[in-house]
6 protein chains.
Amino acid sequence: MISKMIFIIFFLTLLSHSIINASVVDFCVADLSSAETPSGFPCKSSVTINDFIFSNFNSGNTSNSPFKAVFTSAFVHQFPAVNGLEISAARLDMDVGGGVPIHSHRGASEIVMIVQGRITVGFISSDNSVFVKTLSKGQIMIIPQGLLHFQFNAGRNKATAFLSFSSSNPGAQLVDLALFGNNLSSAIVERTTLLDPAQVKKLKAIFGGSG
Amino acid sequence: MISKMIFIIFFLTLLSHSIINASVVDFCVADLSSAETPSGFPCKSSVTINDFIFSNFNSGNTSNSPFKAVFTSAFVHQFPAVNGLEISAARLDMDVGGGVPIHSHRGASEIVMIVQGRITVGFISSDNSVFVKTLSKGQIMIIPQGLLHFQFNAGRNKATAFLSFSSSNPGAQLVDLALFGNNLSSAIVERTTLLDPAQVKKLKAIFGGSG
Amino acid sequence: MISKMIFIIFFLTLLSHSIINASVVDFCVADLSSAETPSGFPCKSSVTINDFIFSNFNSGNTSNSPFKAVFTSAFVHQFPAVNGLEISAARLDMDVGGGVPIHSHRGASEIVMIVQGRITVGFISSDNSVFVKTLSKGQIMIIPQGLLHFQFNAGRNKATAFLSFSSSNPGAQLVDLALFGNNLSSAIVERTTLLDPAQVKKLKAIFGGSG
Amino acid sequence: MISKMIFIIFFLTLLSHSIINASVVDFCVADLSSAETPSGFPCKSSVTINDFIFSNFNSGNTSNSPFKAVFTSAFVHQFPAVNGLEISAARLDMDVGGGVPIHSHRGASEIVMIVQGRITVGFISSDNSVFVKTLSKGQIMIIPQGLLHFQFNAGRNKATAFLSFSSSNPGAQLVDLALFGNNLSSAIVERTTLLDPAQVKKLKAIFGGSG
Amino acid sequence: MISKMIFIIFFLTLLSHSIINASVVDFCVADLSSAETPSGFPCKSSVTINDFIFSNFNSGNTSNSPFKAVFTSAFVHQFPAVNGLEISAARLDMDVGGGVPIHSHRGASEIVMIVQGRITVGFISSDNSVFVKTLSKGQIMIIPQGLLHFQFNAGRNKATAFLSFSSSNPGAQLVDLALFGNNLSSAIVERTTLLDPAQVKKLKAIFGGSG
Amino acid sequence: MISKMIFIIFFLTLLSHSIINASVVDFCVADLSSAETPSGFPCKSSVTINDFIFSNFNSGNTSNSPFKAVFTSAFVHQFPAVNGLEISAARLDMDVGGGVPIHSHRGASEIVMIVQGRITVGFISSDNSVFVKTLSKGQIMIIPQGLLHFQFNAGRNKATAFLSFSSSNPGAQLVDLALFGNNLSSAIVERTTLLDPAQVKKLKAIFGGSG
C-alpha cells in the first residue's frame, strides 16, 4: 500500500506541475452569458458529462412549416460544448415536397449525410458551375465553405439528413430573406439583382420585408 | 438580345478579372497521387459532381469482426473532396456486444450522432476525469481533440452512429495496437505502462506484436 | 580590413546556419504553373522586385460595361506575390449609374476605401439586418467575410474605390450569375428562390443561362 | 396573406434554431473597454452601420511633421469593426521630401496602393536582398510580414498611398525609436549595433532617449 | 534642441495614430484570474520584465518520485507570458532508472533537447510503427502532436532534457492514469483494453482508481 | 490462436479503412528537393527514426567568430522533420564578451533557456518599452514574435542557451546586415535611419555592403 501512496503523490505532483485546470485545457464549454470573442465564448468554469451531450437532435414538426422542412441546429448557441472546437452539427427533416431555399454558410463547409429518403443537394461554385445530385442512404456529400447551395426532398417519403459543419458557428444566410425579409429598399434590391419591381414587391410581401 | 449580349460580356469580363480558376479557388479535391504537404494534398485539376460524393457510407459486415464493430471512414484518403476543408465523416456499426477499443485522434474533435440503437460513449480528460454516457437516437455527443475515448454498443440490437471530425485527416491511434501490435520491446512496454510481463505477452500474442 | 573580413565570415556563417533559402522563408511568390495546394501555390524558385509589384491597378473602360462598372483584381492569379500572405487588393471604377450586383466572397472580409466620388455600400448580416451607407472620400468601410453585399455609384461623377481583402484568393459569387448564368434547371431555381417562372426565364435570358 | 404569415413563421423558426445572435456570429466589433484576448477584443453587444465605417481616412497636416509625413491608421483601436477579421487599413501622406523611416510590422503583410505622386518603397529580406522600386499611380506593392521596410516621397509633389494589412493589429516598430527613443543603455546599443558612441549619443538626443 | 522636440512630437503622433496599447499588441500575458477563451486567457493590463521570465526551471527532487522523474512545466498556468504565443517549455529530470510513462499531448508537438545523460525517447505513429532511439548530449528529437510516447533514463547517471512545445497549453494524458487513476469502471476498462480483470484491479490499486 | 488471427484481421481492416498512409498523416518530414508551399515543404514518402533526430546540436567554434558567438539552428532546412509542426530549435554559444546583434524573427516567438553561464537578453516592444534582464541557469525567457531583440554573454565564462521557436521556419533579420550588408544605397540608409554618412560608410565597410 505504500507504493500506491507514493505513486499517487508522484502523479499528483506531476499533474500539479503541468496542469492546473485540465478541463479548461482540453475543451472550453461556452459560457453563453459572457461576451463573445473572435475565437468564441469564454469557458464555463465547471462542466459535467451533460455539457457534452445535445439531446434535441430530433425531427421537428414539418407539417407546420411552409417549406415542409425543419432544420435543427447544434451550433454553439444550442450546444455550448462545441465552442472553440471548430465543429458542429445539425439535422434536416423534409416532408414530401419540402426543401431548404438557396443559402450559404459564411463560416463553414458542410457534410450532408443521408439518414433516410432521397435528397437533391446542389451548390454553385465561384466560376458559376453547377454541382447537383440526388442522394440516397449510404451517400454523403461535401459542400465547400461559403458557396450558395440548396437541399430538397426528391422522394415520395420523408427525408432526413444529418449535417456536420467545420465551425462551431457556421452562420446561415438565405438569399430570399436577405433580399426580401427586411427593410432593404426595393429600389436597391431591383438595382442590385435586376429583378422586376413587381417580383420584388411580391416577394417582399411573402417574406415580410418593408421598404 | 443586345442587352443580353452586353451583360454576358460584362460578366465574363468581371470573372476573367477576378477569377481565373474558380473551381480551384473554392475547393481543392485531393490529387492523392501527388506528394502531400502540411496543408494537405495538391488539388486535382478538374472535378465533377461525383468528386463531392462518397457512396460507400454503408454498414460493413460486423460478423467478421472480433470486436463486432466496423468503422467506415470518409477521410481524405477515401473522400478526396474534404482535402483542405477541415472536416470529414465516418460511420460506426456495432453488433450486439461490439465496440471500439480505447483510442484517440491526434488531429480532430469528433461528434457522435446516434442513428440507431444505444451506444455508450466515454472520454477521459487531461485531469483524469471520466465523461461517460449511454446515448440513444436523438442525442449527439462531442469528444474533444486528442483525448482517449471509446464507444460500445449498450443495447440489445445493432447500433449505428454517424461521426464527424474537425479535420480531413483525423488520424487514429488505438492504445492496444500501439502497445501490443508492433515490435516495441516488451521491456519498454512493461516499463512505461507497469503492466505485468505475462499480461504484455498475452496481449502481444493477441495483437500480433513481436519484441 | 581584416575585421571586415571576419565580420563577413561570421555573418555568412550565421546565415548559412539559420537560413538556406531565405527568400523562400519570407514569402512564397506563386508558381501558377504548378498544382495548387490548400495553402496556396508552390513558390517560384527565384524572384525579382518586379514580382512584388502589380502595375495594372488602373481604371478599365466602364463605357463597355452594361453595369457601367469595372472591377480590377490583384488576387493571387493576377498578382502571384500575395500567395500565402492572406491579403490581396482590387480597384472598382463605376461610371454614373454604375454598380456591382449583390455578391459575396466566401474567403475574405473586404475593406472599401473611397478614392473619388460617392459610393453606396451595403451588406446584410445572417440575422437579416441591413447595413447600408453612402460613403465619400475620407471614409472606409469593412464588409465581414461571406456576407451578401453590393456597391453602386451614388453620385453624379465617376466613382473609384480601392478594395483590400483578407485572403490572397477571396473568391466572388454573384447571386444573379449563380442562379441565372448557368445550366441550373429553372425548376430548381424556382423551387429554391420562389421566383416566378417568367422572371426566371427573363433573367436566364439576360445572364445567358440555359435549363 | 396567410401564406405570407406562414412563411414568416417558418423562417423565424429556422432562424431561432440556427442563429440566436447572428450579428455576433458574422462579426465581432471590438469592445475596447474590455480586456483583450489573444484573438482580439470581446465583441460589442450591439452595433449600427456606423460601427463599420471609419471616417477619419484623411490626410493629416504634414507641415507639422519633422519627417513631412503623416500616417493615419484604421487598426482595431481606431476602427473596432476590424476586430477578428484579420484585415486593417491606413493612409500615408508625404510632403515633398517626406518619408517613413525604416520599420517593421510584426503581425502583418502590407499592400501599398499609390493614390497620387511617386513613392519609393523598399524592403530587405532575411537573406539580406534589397527589393526597392519607385511606384506611381496604377501600381501597388506587397511587403511580406515582419521585414524591415521604408517608404519616401520620390516626387516633386505631395504623395499619398492607401495601405492595407493582413491583421487587425499589425503593430509597428521603428528601428530608430527602438534603439534611440527609450532608456535602453547606450552601452547595449553600441554593443548590439556596432554604432559609434558619438552617433548613438546624437540619435538618443534626437529621439528623446536616455541611458 | 528644437529638432529633437519636433521629432519627438512627430513620433508620438505616429504612435498615437497607429498604436494605443502597444504592449497588448505585441503579447498577451495571461490574466489567470479571468475566464479562459478558446484562444487563451485575457491579457494582463500591465506587465514588467519579470512577466517574461520563468525562474523555476530547476530540477525537482527525484528521490521523492516513485518513477524517479520530475517534470517541471512552464506552460501558460505557470508561465503566463506564453499565452497566445503558441509555445511553451518544460524540463525533465530523471534519476538512474527513472522515466515518464507512456502519454500524449493532445495540443502540441514536442522537441526533446538532451542537456545531460542518455535518454531513450520513443513514439508510436498512427500506422503503429515504432520510432525509438537513445539520445545523448548534442542531439534533439521531435515528437509529432498527439502521438503516444515515452522517455526514460538509459544511462548510469542522472539525465536531464529541456523540452519545448508548439502550444502554450499542450495538455498531457498518461495512459495509466486515464485508465486506472479514476472512477472509470473496471468493466469498461477491461472491455476497451482487453486487459485481464486481475491486472486492472492491480493497477487500479497502484494508481488510486476506484470502480 | 484463432482469436489472435481474427483480431489482427479486424484491426488491419480498421486501419485500412481509416488510414492509408498513416505516417504521412501524423507528420510531414520535408522533402527539401521539392518546391516549398505556403504551409511548408511536401512530405518525404518514407522516413526512419533518424529523420526525427538532429545530431548537430553542439557548440560551434566561437573563437573563429568576430562576435564570439555561434548560432546553430535546427530549423526546417537543417531538421526537415519539424516541417509543418510549427516548432523548431537552436542553440547559442557565446564566448566571454560575445553576443548576437540586434535582430528579429518575422515568423516566430522564441524561448531562451539558459544551459550555462549568464546571458543578458533584451527586447523592445512596439510602444518602445525596453525589457532587458540578465539570466542564469534555472531561468527561461520568452521573446514575442517579430520584435527586435538581442542576447549577449554577461558573465566571465562561456555561456550557452537552448532556444525554441514557434515556427519551423522562424526567419532572422539582423538590423546591421539589412542596412549595411548589401547594395542598399547609402543615401537611402541615411534618409531612413538619420545616421551620419560617415557612420554608414564605416558600417558598410564592416559588413561588406556596397552602394
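Here we summarise the structure given alongside this text. Remember, it's a predicted structure, so these values are computed and weren't measured experimentally.

**Topic: the sheet that holds strand S7 (residues 130-135) of chain C**
Item 1. Strand order in the open sheet formed by five strands is S7-S6-S9-S4-S11 (chain C), with antiparallel pairing between adjacent strands. Unpaired on one side and paired on the other, S7 and strand S11 (173-174) of chain C mark the two borders of the sheet.
Item 2. In terms of strand pairing, strand S4 (residues 99-104) of chain C meets S11 of chain C through two bridges, oriented antiparallel. Within S11 of chain C, the residue paired with Ser-104 of chain C across the bridge is Gln-173 of chain C.
Item 3. Lying over the sheet, helix H4 (residues 186-193) of chain A contacts S4, S7 and strand S9 (149-153) of chain C, oriented at roughly 95° with respect to S9 of chain C.

**Focus on the relation of the copies chain C and chain D**
Item 1. It takes a turn of 180° to lay chain C on chain D, together with a shift of 0.0 Å along the axis; the resulting RMSD is 0.0 Å. Such values leave the two copies arranged in the relation of a two-fold axis.
Item 2. Taken as a fraction of all interface residues of chain C, those also at the interface in chain D reach 100%, which identifies the copy contact as same-surface.

**A short note on H4 of chain A**
Residues and elements named next belong to chain A.
Item 1. Along H4, the residues that are buried comprise Ser-186, Ile-188, Val-189, Thr-192 and Thr-193. In a view along the axis of H4, the buried residues occupy a sector of 160°, so they form one face of it.
Item 2. The first or second residue beyond H4 is Leu-194, which carries a positive phi of 70°.

**Thoughts on the interface of chain C and chain D**
Item 1. Listed as interface residues are 54 residues of chain C and, on the opposing side, 54 residues of chain D.
Item 2. At the boundary of chain C with chain D, total buried surface from both sides reaches about 4,200 Å², with 73% on carbon and sulfur atoms.
Item 3. When the buried area of chain C at its contact with chain D is split by residue, Ile-87, Ile-140 and Ile-142 of chain C rank highest and sum to 14% of it.
Item 4. The interface formed by chain C and chain D includes zero salt bridges.
Item 5. Applying the counting rule to chain C against chain D returns twelve residue pairs in polar contact (both at pLDDT 80 or more).
Item 6. Of all the secondary-structure elements, those providing two or more residues to the side of chain C that touches chain D are helix H1 (2-18), helix H2 (22-26), strand S1 (53-54), strand S3 (88-94), strand S5 (110-116), S7, strand S8 (140-143) and strand S10 (159-165) of chain C.

**What to know about the packing of H4 of chain A against helix H5 (residues 197-207) of chain A**
All names here are of chain A.
Item 1. Put simply, H4 and H5 touch, their axes get as near as 10 Å, and they point 120° apart. As summarised for this structure, H4 and H5 are arranged oblique, according to the angle between their axes. In the packing of H4 onto H5, the handedness of the crossing is right-handed. Of the residues in H5, those in contact with Ser-186, Val-189 and Glu-190 of H4 are Pro-197, Val-200 and Lys-204.
Item 2. Looking at the contact of H4 with H5 residue by residue, the classes come out as three nonpolar, one polar and two charged.

Conventions we followed
- Residues numbered from 1 in each chain as written.
- Chains lettered and ligands numbered in written order.
- Predicted model: local features only at pLDDT ≥ 70, side-chain atom pairs only at ≥ 80, totals over all residues.
- Heavy atoms only, no water.
- Pairing = 2+ DSSP bridges.
- Helix = DSSP H or I, 4+ residues; strand = E, 2+ residues; numbered from the N terminus.
- Contact = heavy atoms within 4.5 Å.
- Axes fitted to C-alpha atoms, helices over the stretch in contact; angles between N-to-C directions.
- Least-squares fit on C-alpha atoms with pLDDT ≥ 70 in both.
- Buried < 20%, exposed > 50% of the residue type's maximum accessible area, 1.4 Å probe, protein only.
- Arc of directions from axis to C-beta.
- Buried area = accessible area lost by both parts, 1.4 Å probe.
- Salt bridge = Lys/Arg side-chain N within 4 Å of Asp/Glu carboxyl O.
- Polar contact = N/O pair within 3.5 Å; in protein donor to acceptor, adjacent residues only side chain to side chain.
- Parallel < 35°, antiparallel > 145°, perpendicular 65-115°, else oblique.
- Left-handed = near helix turned anticlockwise from the far one by under 90°.
- Nonpolar A, V, L, I, M, F, W, Y, C, P; charged D, E, K, R; others polar.

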